[in-house]
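Observations on the model geometry
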Amino acid sequence: VYLAGRYDAQIRSGDAPEKAEFKALLAAHTAEEVFVFLTGQRLIGSVRNPDLKIAQAEYSKFYLEYLVKNGIPERENWSQWNGFLESYRRVVGKPFTRESWGPIFVNPTVNATRLNQVARTSDVVRDRFLLAAIHKALKDHDRVVVVFGSWHVLALEPVLNELVVE
């Protein structure tokens, strides 16, 4: 953002709109798997030993204003932190604790739990939007700088090489 402002460059998001991503995830996975994945990835995060007091305090707002607002079905038992903990145990097969949580559960390149399958689907959906944004930017501009996560590089590199050659 700093460099874009300094050189009067446009900034565009290449990420998928949440509603589109959630719809695609729900078409490929159970609502409970998607619910647990998104809560783990986006509320708890890809860190070891997360601060669960913060996650628990922010949970109700996150559930209603992010998950439900963007298409996750509203379930009474999911509206409270304990509902997430119960669903996590069903999906992952073991209880959720600060010590048991790890970034590996939302990593799309491994097969530790069913959450990894949801992560792969999420990346595919997000990669499609990212690729479309890059393609449009290359039509509009001679030079484009793209900043995105490392997992996306692995999936998009071959396609990006073809785009640049066009």
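Report on the accompanying structure. For every chain, the first residue of its written sequence is number 1, and the numbers climb from 1 along that sequence. Given that the model is predicted, a residue must reach a pLDDT of at least 70 before its local features are reported, and side-chain atom pairs must reach 80 or more before they are shown or counted; all residues, however, enter totals for whole chains, interfaces and linings. Where side-chain values are given, they derive from all heavy atoms of the structure, hydrogens and water being excluded.

**Things to note about the overall build of the protein chain**
Just so we agree on the cut-off: In this description a helix means any DSSP run of H or I spanning at least four residues, a strand means any run of E spanning at least two, and both kinds are numbered starting from the N terminus. Buried residues are those whose accessible area, probed at 1.4 Å on protein chains only, stays under 20% of the maximum for their type, while exposed residues exceed 50% and partly exposed ones sit between those limits.
Regarding its fold elements, the protein chain presents seven helices and zero strands. Taken from the N to the C terminus, the helices and strands of the protein chain come in the order α-α-α-α-α-α-α. Each principal axis of the C-alpha atoms in the protein chain carries an extent, and together these give about 50 × 30 × 30 Å. The buried share of the protein chain, reckoned over its 166 residues, is 38%.

**Examining the pattern of salt bridges**
This is how the line gets drawn: When a carboxyl oxygen of Asp or Glu is within 4 Å of a side-chain nitrogen of Lys or Arg, the pair counts as a salt bridge.
Applying the stated criterion across every chain yields a total of seven salt bridges. Put simply, Asp140 and Lys136 hold a salt bridge, and the shortest N to O gap is 2.8 Å. Here Asp140 and its partner Lys136 are both found in helix α6 (residues 114–140), four residues apart, which amounts to about one turn of the helix. Residue classification places Lys136 among the partly exposed positions, given a relative accessible area of 48%. Ionic contacts of the salt-bridge type, sharing partners, join the residues Arg12, Lys136 and Asp140 into one network.

**Points about helix α2 (residues 18–28)**
Cut-off, in case you're wondering: Of all possible arcs, the one meant is that of the directions from the helix axis to the C-beta atoms.
Every buried residue belonging to α2 is among Glu21, Phe22 and Leu25, and all of these are buried. Seen from one end, α2 has its buried residues packed into an arc of 95 degrees, which puts them on one side. Among the exposed residues of α2, those oriented more than 90 degrees off its buried face are Lys19, Lys23 and Ala27.

**A closer look at the packing of α2 against α6**
For clarity, the cut-off: In this description, a line fitted to the C-alpha atoms serves as the axis of each element, helices being fitted only across the stretch in contact, and the angle between N-to-C directions of two axes falls anywhere from 0 to 180 degrees. Geometric relationships in this document are graded by angle, where less than 35 degrees denotes roughly parallel, more than 145 denotes roughly antiparallel, 65 to 115 denotes roughly perpendicular, and other angles denote oblique. What makes a crossing left-handed is the near helix being turned counterclockwise from the far one by less than a right angle; a clockwise turn instead makes it right-handed. Contacts are assigned to residue pairs with any non-hydrogen atoms lying within 4.5 Å of each other. The residue classification treats Ala, Val, Leu, Ile, Met, Phe, Trp, Tyr, Cys and Pro as nonpolar and Asp, Glu, Lys and Arg as charged. All others, Gly included, are polar.
Between α2 and α6, the shortest axis-to-axis distance is 10 Å and the interhelical angle comes to 140 degrees. What the angle tells us is that α2 and α6 run oblique. For the pair α2 and α6, the sense of crossing is right-handed. In this structure, α2 uses Ala20, Glu21, Ala24, Leu25 and Ala28 to contact α6, whose residues at the interface are Val118, Thr121, Ser122, Val125, Arg126 and Phe129. Looking at side-chain class alone, the contact of α2 with α6 contains seven nonpolar, two polar and two charged residues.

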